[in-house]
Amino acid sequence: ILGIIRHKYSTKLDEYAFSRIDLMETSFDNMEKQINDTLNFIRQTPLKLENISFLKLLEDTLKIIKVPANIKIDVPLDDVSLYCDSSKLTVVLTNLINNSIQALEAGGKITIKASEDDNYSVIQIEDSGSGIPSEVLLKIFEPLVTTKSTGTGLGLASCKHIIEEHSGSITVQNNPTTFTIKIPKS
């Protein structure tokens, strides 16, 4: 609706009105994220497993994320095959990439890596941010843990739940902040 207002009245609105519309859009985006975090945390649906291309999944995920101009995202050159529920893994990737974007308020770089060994497909999401405080790092995947004033603290708990549904694992380390996901190949 706000997009329609912006378009229909573009010649009649002043800079102040446009800034208020921007503020409303940001508020709606935050509310939508909080609702989705809550629903993803409590929703129990069976996995729909399929072999998919990680690069295709990443490309589709990046289409739905607002990446600021001051943030560069490096994607892997080589592809890996994932045996996963693509819609649930999209939730995980969206959450991790958005968290990295929020950690890079002043700009920076997010590097996404993909590799595999005999048993696992491995995805890493690394950012050039200042890192996660050590007291938070120990409990980062627990429900209601957040470093953000507007966060629900359910996003990373949901990510962990989804990855564990896939019989995989998710870990995090600092310097640089890197989330590592391992998903079994079969």
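Draft legend 1. Region of interest: helix α3 (residues 54-63). All of the buried residues in α3 are F54, L57, L58 and T61. Taken down its axis, α3 places every buried residue within 100° of arc, on the same side. Packing partners of the buried residues in α3 comprise β1 (50-53), β3 (81-84), α4 (86-103), β4 (108-116) and β5 (120-127). Structurally, the start of α3 carries an N-cap: the backbone nitrogen of L55 is 3.3 Å from a side-chain oxygen of S53.

Draft legend 2. The arrangement of the environment of I125 in detail. Summarising the element assignment, I125 is placed in strand β5. Along the backbone, I125 and T177 are 52 residues apart, and their C-alpha atoms lie at a distance of 8.2 Å.

Draft legend 3. Representation of unusual backbone geometry. Here the bond from N175 into P176 is cis, since omega is -5°, no more than 30 degrees from zero. Mapping P176 onto the fold places it in the loop between β6 (169-173) and β7 (177-184). Even without being glycine, S167 reaches a positive phi, approximately 60°. Summarising the element assignment, S167 is placed in the loop between α6 (155-165) and β6. You can call S167 exposed: its relative accessible area is 55%.

Draft legend 4. Inspection of the packing of α4 against α6 at higher detail. At their nearest, the axes of α4 and α6 sit 9 Å apart, and the two run at 145° to each other. When the axes of α4 and α6 are compared, the crossing they make is left-handed. Along the contact surface, α4 presents K88, L89, V91, V92, N95, L96 and N99, while α6 presents G155, L156, C159, I162, I163 and E165. Residue composition of the contact of α4 with α6, by class: 8 nonpolar, 3 polar and 2 charged.

Draft legend 5. Structural detail: the environment of K72. Relative to the assigned elements, K72 resides in strand β2 (residues 71-74). K72 gets classed as partly exposed once you look at its relative accessible area, which sits at 49%. Spatially, the C-alpha atoms of K72 and T111 are 8.3 Å apart, while their sequence positions differ by 39 residues. Filtering out sequence-adjacent residues up to four positions away, K72 remains in contact with G108, K109 and I110. Within the structure, K72 has its side chain in polar contact with the side chain of D74 (distance 2.3 Å).

Draft legend 6. Geometry of the pairing of β3. The two faces of β3 differ: L82 and C84 on one face are buried, but S81 and Y83 on the other face are not. As judged from the 4 bridges shared by β1 and β3, these two strands associate in the antiparallel manner. Residue I52 lies in a different strand from β3, and its bridge partner there is L82.

Draft legend 7. Structural detail: the environment of P184. Looking at the element boundaries, P184 is found in strand β7. Spatially, the C-alpha atom of P184 lies 9.2 Å from that of S169, the residues being 15 residues apart in sequence. Discounting residues that sit within four places of it in the chain, P184 has contacts with Y83, N119, Y120, H166, S167 and G168.

Draft legend 8. Representation of the nonpolar core. Counting residues in each nonpolar core, the largest one holds 35 residues, and the members touching the most others are F54, L82, L96 and I123. In terms of residues, this core owes the most to one element, α4, which gives 6 residues. The residues contacting I123, other than those within four sequence positions of it, are F54, V80, L82, L93, K113, A114, F179, T180 and I181.

Rules and cut-offs
- Residues numbered from 1 in each chain as written.
- Predicted model: local features only at pLDDT ≥ 70, side-chain atom pairs only at ≥ 80, totals over all residues.
- Heavy atoms only, no water.
- Buried < 20%, exposed > 50% of the residue type's maximum accessible area, 1.4 Å probe, protein only.
- Helix = DSSP H or I, 4+ residues; strand = E, 2+ residues; numbered from the N terminus.
- Arc of directions from axis to C-beta.
- Contact = heavy atoms within 4.5 Å.
- Polar contact = N/O pair within 3.5 Å; in protein donor to acceptor, adjacent residues only side chain to side chain.
- Axes fitted to C-alpha atoms, helices over the stretch in contact; angles between N-to-C directions.
- Left-handed = near helix turned anticlockwise from the far one by under 90°.
- Nonpolar A, V, L, I, M, F, W, Y, C, P; charged D, E, K, R; others polar.
- Pairing = 2+ DSSP bridges.
- Core = buried A, V, L, I, M, F, W, Y, C linked by side-chain atoms within 4.5 Å.

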